[in-house]
Amino acid sequence: LDPPLETMAFFAVATLLLCLAPFHLNACPTAPGSGVSYTTIYSIPNGCEQSSCDYFLAARLNDADPTYLDFWLEGNAGGWIAVGFSATSSMANADVLACALDSSSTPVLIDAWNPAGYSNTRDTQQDLCSNVLEHDSGRFTCSFARAINTGDPNGQDLQLDSDLYLLLATRSTTGTSGNPPELQKHSSTPPRSPSALNVVSLVTPPAISPSVSSSEQPVPSTSSSSVPMATPMPPTPPLTCPPASPASESDYRVFARIPAGCERSSCTYYLAVRTNPDDPEFLDFELEGDAQSWIAIGLSKTASMESADVSGCVVQADNSVAVVDAWNTPDSTNNVRDTLQDISFTSSSFGDSRISCTFSRPIVSGDTEQDLPMNDNYYLLFGRGNTSSTAQPPALNYHGPLTPVVSNSLVDITTATGEVGPPAEIGPSNCPPAPTSGAVYRLNATVPDGCPDNADYTVRVRTNNQNPSFLDFYLEGKTSGWIAVGFSPTDDMLTADVFACVVSSDGSTVSVTDAWNLPSIRSNVRDTIQDVCPHSTSFENGRISCIFSRAIQTSDTDNDLNLNGNYFILLGRGNSRSDTGTLSRHEDNPPIAKAVNPTVFSGCVPLTADAVHAASMRVLMVPIMLAIIALIILPE
């Protein structure tokens, strides 16, 4: 007999609805009713009230079907919030349960997994049963169920009655892509439980129900069970602020002390690194040093700041310290906050213009555009900055005169031991002997022009007799602060390579400084590597003199010019003194001598016509200005 048309229509519609519905291997259990209690698994920050937690996770056995776990997931996120389960504490092969906004900003459940590395993929079989899905004012509230053992034939689900690490992840911006939706990468490296947990054991037996009115949502309350509380910083429980003494160096490998050999508490910059003991896919960093705004470590393939991967700690307006994952763009030294913040804050302190912080970074990040894999050889850039930033989210401002010090060699920080340290501050290890008394210099340049005796300012250059790869310099001039010579490929101060002799604040000593002028502004900064060899200095009767040597070509390709070329010569002076060798702004625009090759030129280098004209105009302007003043103030 043929079945009635009504029966056939019923089965056709039912079949169509089943085909359109998300596929579940098992039938969904009855949703929890009002007045049920959940066991709190994790709350971030620790001990927060549920409604104020950034992340809150609770679970219970389903009353109607105890082969299911009911989850309550709540927290602040603009894209998605999720819990992951991992057998190894790594994100690879983790089982992920997420609440997310789809392309129409509608809350949806996503059953996903990480097949390898850090890539997330939607499960072929969606084994989540939705109860409550809400997103309001940037906050998710989600209640759903999942079978403890789904029997997923594709091997994409883990058995939740096993000992598993929990990964607590969120994404702050648009959370999904595609249709059906897939999770995009998290905003920052997910916090994780410090040890493997059996969630089923934690929630058995179910907690006693509190008194909740039938009109209320089944908001979970903390049971009396003893359960671990979450830490907001992966991959270990929160550490105390790093000690001022090197007490933790048995665990950490110290990479930098500046100055060399300093005690940690007195170092202007200190860096130590270790492999995280609970998750060897992460490195833990300890940074400490004198800075008013930020302190950071950069990785660079070329010893230059361009394309460097930067991790740092920045002081915010309320004097709290935030961690920042950043990078320097390839075409400049501009520092930009990473789109994906693959950095995990642990602890920090700030006081008396000194920053101390501890954080973790994955050795290999999923952010291949702005993060470098740390298990490779890099120069280390030891950076600090004193210029405050009000940016939100936090970012690193320009370092200013605190040019980052660069390690003296390439190093793999995942395996290296011992301090790599910065290059020596005193100068090259093969400094040549000082020129003898009465040595003859072949290049001369003076102010005023023409190389007269007893000029206001004199620069002399010769090739060192003992080591012809060095040039010897003699600088002498009338001023109370500093005198300098600069070499520039153009008749401009930008990118000039500068050597200066600077009087200390009390006038008792003169230091020799290797510096350079920034490419974008007329600002002078001390070189990261001091490639000058001081021989003698003096400051008497208002005149500075100094003799020093510098290699024609140094290893500092960022800040030093190869002097075997044609360069304009800048003759600068200033009145301000410094105990750190830094240069203040010059008195007048430095006269510029014509372009010559300092390694071969012999004779008196004339000033450029513009420089001579400017000097002449200054001489002429004095009587003119005096005459104008006289006309103004004298009575008729």
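Every chain's residues receive numbers from 1 upward, in the order its sequence appears when written. The predicted origin of the model limits local features to residues at a pLDDT of at least 70 and limits the giving and counting of side-chain atom pairs to 80 or more, whereas totals for whole chains, interfaces and linings rest on all residues. Side-chain descriptors were evaluated using all non-hydrogen atoms of the structure, hydrogens and water having been removed beforehand.

*Asks:* What am I meant to see in unusual backbone geometry here?
*Replies:* For residues other than glycine, phi is negative in most cases, and the peptide bonds are mostly trans. In the segment running from Ile-44 into Pro-45, the intervening peptide bond is cis, with an omega of 0 degrees. A run of DSSP states H or I qualifies as a helix once it reaches four residues; a run of E qualifies as a strand once it reaches two. Both are numbered from the N-terminal end. Looking at where Pro-45 falls in the secondary structure, it is placed in the loop between strand E1 (39-44) and strand E2 (55-61). Cis peptide bonds are those with omega within 30 degrees of zero, and the linkage from Ile-258 to Pro-259 qualifies with 0 degrees. Counting through the fold element by element, Pro-259 comes out in the loop between strand E13 (253-258) and strand E14 (269-275).

*Asks:* Whenever I open this one, the nonpolar core confuses me. Can you help?
*Replies:* Generally speaking, nonpolar side chains in soluble globular proteins are found buried as a group. Leu-57, Leu-69, Phe-71, Phe-85, Phe-144 and Leu-166 are the most contacted members of the largest nonpolar core, which has 32 residues in total. Elements represented by at least two residues in this core include exactly E1, E2, strand E3 (68-76), strand E4 (80-86), strand E5 (95-101), strand E9 (139-147), strand E10 (165-171) and helix H2 (199-202). At four residues, the largest contribution of residues to this core is made by E2. The criterion used for residue contact is that any of the two residues' heavy atoms lie within 4.5 Å. Not counting chain neighbours up to four residues away, the residues in contact with Phe-71 comprise Tyr-38, Leu-57, Ala-58, Ala-59, Phe-85, Leu-97, Cys-142, Ser-143, Phe-144, Arg-146 and Leu-160. As used here, the term nonpolar core means buried Ala, Val, Leu, Ile, Met, Phe, Trp, Tyr and Cys residues forming a set that is joined through side-chain atoms within 4.5 Å. Summary of the burial criterion: residues with accessible area below 20% of their type's maximum are buried, those above 50% are exposed, and those between are partly exposed, where the area comes from a 1.4 Å probe applied to protein chains only.

*Asks:* For this particular structure, what's the right way to read the state of the cysteines?
*Replies:* Among covalent bonds in proteins, the disulfide is the one between the sulfur atoms of two cysteines. The disulfide criterion is simple: two cysteine sulfur atoms within 2.5 Å. Per the stated rule, a full pass over the model turns up eight disulfides. One disulfide bridge connects Cys-431 with Cys-533, the sulfur atoms lying 2.0 Å from each other. Its S-S torsion of approximately -80 degrees makes the covalent link between Cys-431 and Cys-533 left-handed. Placement of Cys-431 in the loop between strand E23 (405-406) and strand E24 (443-447) and of Cys-533 in strand E31 (residues 533-540) is noted, with a sequence separation of 102 residues between them. Of the residues examined, Cys-431 reaches a relative accessible area of 36% and is grouped as partly exposed.

*Asks:* Where do I start with the sheet that holds strand E18 (residues 321-328) in this structure?
*Replies:* Sheets are built from strands paired through backbone hydrogen bonds, the pairs being either parallel or antiparallel. Strand pairing is assigned whenever DSSP identifies at least 2 bridges connecting the two strands. Taken together, the six strands give an open sheet; going across it, the order is E19-E18-E17-E16-E22-E23, and neighbouring strands pair in antiparallel fashion. Lying at the two open borders of the sheet, with one neighbouring strand each, are strand E19 (335-337) and E23. By the bridge criterion, seven bridges tie strand E17 (residues 309-315) to E18 in an arrangement that is antiparallel. From the neighbouring strand, Gly-312 faces E18, where its bridge partner is Val-324.

*Asks:* Would you take a moment to explain the pattern of salt bridges for this structure?
*Replies:* If charged atoms from side chains of opposite charge come close, those side chains can pair. Criterion for a salt bridge: a side-chain nitrogen of Lys or Arg within 4 Å of a carboxyl oxygen of Asp or Glu. Considering all chains together, one arrives at 18 salt bridges under this definition. Where Asp-70 meets Arg-60, a salt bridge forms, and the shortest distance between an N and an O atom there is 3.2 Å. Residue Asp-70 is found in strand E3, and its partner Arg-60 is found in strand E2; the two are separated by ten residues along the sequence. When sorted by exposure, Asp-70 lands in the same class as Arg-60, which is buried. Linked by salt bridges that have partners in common, Arg-264, Glu-286, Glu-288, Asp-290 and Arg-354 make up one network.

*Asks:* So what exactly am I meant to see when it comes to the environment of Leu-202 here?
*Replies:* Looking at the secondary structure, you find Leu-202 in helix H2. Taking the C-alpha atoms as reference points, Leu-202 and Thr-40, 162 residues apart in sequence, are found 9.3 Å from one another.

*Asks:* When you look at the sheet that holds E13 in this model, what are you seeing that I'm missing?
*Replies:* Spatial ordering of the open sheet is given by E13-E14-E15-E21-E20, a layout of five strands whose pairing is antiparallel. Strands at the two margins of the open sheet, each flanked by one partner only, are E13 and strand E20 (344-351). Across the sheet, the mean angle from the axis of one strand to that of its neighbour is 10 degrees, orientation sign disregarded. To get an axis, fit a line to the C-alpha atoms, keeping to the stretch in contact for a helix; angles then go from 0 to 180 degrees between the N-to-C directions.

*Asks:* Sorry if this is basic, but what is going on with the environment of Ser-201 here?
*Replies:* Examined against the element boundaries, Ser-201 turns out to sit in helix H2. For Ser-201, a relative accessible area of 49% translates into the label partly exposed. When the C-alpha atoms of Ser-201 and Leu-61 are compared, they prove to be 10.0 Å apart, with 140 residues separating the residues in sequence.

*Asks:* In this structure, what is going on with the confidence of the model for the protein chain? I would like to understand it.
*Replies:* In low-pLDDT segments, the atomic positions of the prediction should not be examined closely. Counting all residues, the mean pLDDT for the protein chain is 79, and 80% of those residues have values of 70 or more. Confidence scores labelled pLDDT are given residue by residue by the predictor and lie between 0 and 100. Predicted confidence for residues 7-25 stays below pLDDT 50, and this span has twelve contacts to residues more than four positions away or in other chains. Here residues 423-428 scores under 50 on pLDDT; set against residues more than four positions off or in separate chains, the count is 17 contacts.

*Asks:* Looking at this structure, I do not really get the pairing of strand E33 (residues 567-574). What am I missing?
*Replies:* The two faces of a sheet get side chains in turn, since along a regular strand they alternate between them. Summarising burial for E33: seven of the eight residues are buried, a large majority. Note that E33 and strand E34 (residues 592-596) share three bridges and pair antiparallel. Each residue of the ladder has a partner; that of Ile-569, found in E34, is Ala-593.

*Asks:* Whenever I open this one, the packing of aromatic side chains confuses me. Can you help?
*Replies:* Two numbers describe a pair of aromatic rings. These are the distance of the centres and the angle of the planes. The criterion for an aromatic pair is that two Phe, Tyr or Trp rings (for Trp, the six-membered ring) have centres within 6.5 Å, with stacked assigned to planes under 30 degrees apart, edge-to-face to planes over 60 apart and tilted to the rest. Taken as a whole and judged by the stated rule, the model has eleven aromatic pairs. Here the aromatic rings of Tyr-441 and Tyr-474 are separated by 6.2 Å at their centres, their planes lie at 45 degrees, and the arrangement is tilted. Of the two residues, Tyr-441 is situated in the loop between E23 and E24 and Tyr-474 in strand E26 (residues 470-478); the sequence distance between them amounts to 33 residues. We classify Tyr-474 as partly exposed; its relative accessible area is 21%. Look at Phe-473 and Phe-487: their rings are 6.1 Å apart centre to centre, the planes differ by 70 degrees, and that puts the pair in the edge-to-face class. Remark: Phe-487 occurs in strand E27 (residues 482-488) and Phe-473 occurs in strand E26; sequence separation between them is 14 residues. The exposure class assigned to Phe-487 is buried, which follows from its relative accessible area of 1%. Chaining the aromatic ring pairs together yields one cluster made of Phe-473, Phe-487, Phe-499 and Phe-548. We count a charge as sitting over a ring when the NZ of a lysine or the CZ of an arginine lies within 6 Å of the ring centre and within 35 degrees of the ring normal. The ring of Tyr-378 carries Lys-301 above its face, with NZ or CZ at 4.9 Å from the centroid.

*Asks:* Whenever I open this one, the pairing of strand E16 (residues 294-300) confuses me. Can you help?
*Replies:* Among the seven residues of E16, seven are classified as buried, and the element is accordingly described as predominantly covered. Side chains Trp-294, Ala-296, Gly-298 and Ser-300 of E16 all project onto a buried face; the interleaved residues Ile-295, Ile-297 and Leu-299 project onto the opposite face, where all are buried too. Judged from the seven bridges that link them, E16 and strand E22 (residues 379-385) form a sheet pairing that is antiparallel. By the bridge assignment for E22, Ile-295 is matched with Arg-384. Bridge analysis of E16 against E17 gives six bridges, and the strand direction is antiparallel.

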